[in-house]
Amino acid sequence: MSEEIIRALSVRGLRYHYRLLPRAEPADPAAGAGGPGTEPVLVLGGALQGMFGWPQMDDHLGPVADVVTADLPGMGTADPLPPGPSADLLRAAVTGIIDDLGAPRINLFGFSYGAAIAFGCARHDPGRIARLALGGVPVHIGEVQRDYWHRATRRLAEGDREGFAALAADGLMCLDPDRVVYRRELARRYVRRSFLHALSDGSPHAADSLHRALGDRPDFSGGLSGVPTLVFAGEHDTVTPPERQREFAATIEGSRFLTLPESDHWVVLERSEEVAALVTAFFTDRPADRPVAPSTVAAPAPLAGLPAREG
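Computed from a prediction, not measured in an experiment: that's the story for all the values here.

## Observations concerning helix α4 (residues 143–157)
Here α4 spans 21 Å end to end across 15 residues, near enough to the 21 Å set by a 1.5 Å rise per residue. Q145, R146, W149 and A152 are the residues of α4 that are buried. Here the buried residues of α4 occupy an arc of 120° about the axis, which is enough to place them on one side. Facing away from the buried side of α4 by over 90 degrees, the exposed positions are E143 and V144. Looking one or two residues past α4, G159 carries a phi angle of roughly 85°, positive in sign.

Below is the structure:
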């Protein structure tokens, strides 16, 4: 495994960081490093998913690309975002990373809140994006999820962190017992702990990050052309139903859309290995086949992709 590099940048006076894991060198140079290489891959996660939260991407992408993760302003170790719209500022922060890498183009993967940032970057400057992968795209957030959020913020205002974490997590998951969600309870417990950890760790913007993730209205209109794009969703995503995400994907010229079975909005936790393999195949121009249902896998791997650090 290559030695990771942490770089500090600033945008409009706000400090932020990115982590670079250089492409792994092969033990035998004649054997190659896992197949054809590709442009650096920048991974942008959802609320409270910082730059240390993607080990499965390191494992799958490390042999074929430089892997880059980030704490953009308003996330993890970075400075809080100022009040008001933040899309333009976050796009500038991503451009700062691309420039600092010295890369003409990158592959860009955005999940949930990060999908909105990634899509905005691709629309704003498509020439810098070689390929775009988007998961759990929050095209539309329904009233049920907004009700969860309002009740959660009231709990937080009352000093009830446990109640806040429980409601905030439940609002982002499919809890219908008639729908099969692989590793649901494990993912549910972890998401709750992650929210509690972010609050207990004294993050200056944990609650604000969650509020923006559910409260902001990103612009997913206008489509996109000239950037090969993959969009995927968990089949039981209750934040934005897969049908809505499919409609969004149809606005992108030449895009592909996939649903992953037995998963919800937290597909990157419940189906971490499958998601990493899917994204790696797409970024290296290999067939991105539909993953099999996890119940057909003889020996499921331990839950991976959980944020190791937040806030």
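After that view of the structure, there is still more to cover.
## Re the packing of aromatic side chains
Counted by the stated rule, this structure contains 8 aromatic pairs. Arranged with centres 5.0 Å apart and planes meeting at 80°, the rings of F119 and F248 form a pair that is edge-to-face. One end of the pair, F119, is in helix α3 (residues 113–124); the other, F248, is in helix α8 (residues 242–249), with 129 residues separating them in the sequence. Note on accessibility: F119 and F248 belong to one class, buried. On the basis of an interplanar angle of 70° and a centroid distance of 5.9 Å, the ring pair of W149 and F164 is categorised as edge-to-face. Pair noted here: W149 is in helix α4 and F164 is in helix α5 (residues 161–170), with a separation of 15 residues, a long-range link. Connected via pairs of aromatic rings, a cluster forms that spans W54, F109 and F232. The ring of Y148 carries the charged tip of R151 above its face, separated from the ring centre by 5.0 Å.

Cut-offs and rules
- Residues numbered from 1 in each chain as written.
- Predicted model: local features only at pLDDT ≥ 70, side-chain atom pairs only at ≥ 80, totals over all residues.
- Heavy atoms only, no water.
- Helix = DSSP H or I, 4+ residues; strand = E, 2+ residues; numbered from the N terminus.
- Expected span 1.5 Å × (residues − 1).
- Buried < 20%, exposed > 50% of the residue type's maximum accessible area, 1.4 Å probe, protein only.
- Arc of directions from axis to C-beta.
- Phe/Tyr/Trp six-rings, centres within 6.5 Å; stacked < 30°, edge-to-face > 60°.
- Lys NZ or Arg CZ within 6 Å of the ring centre and 35° of its normal.

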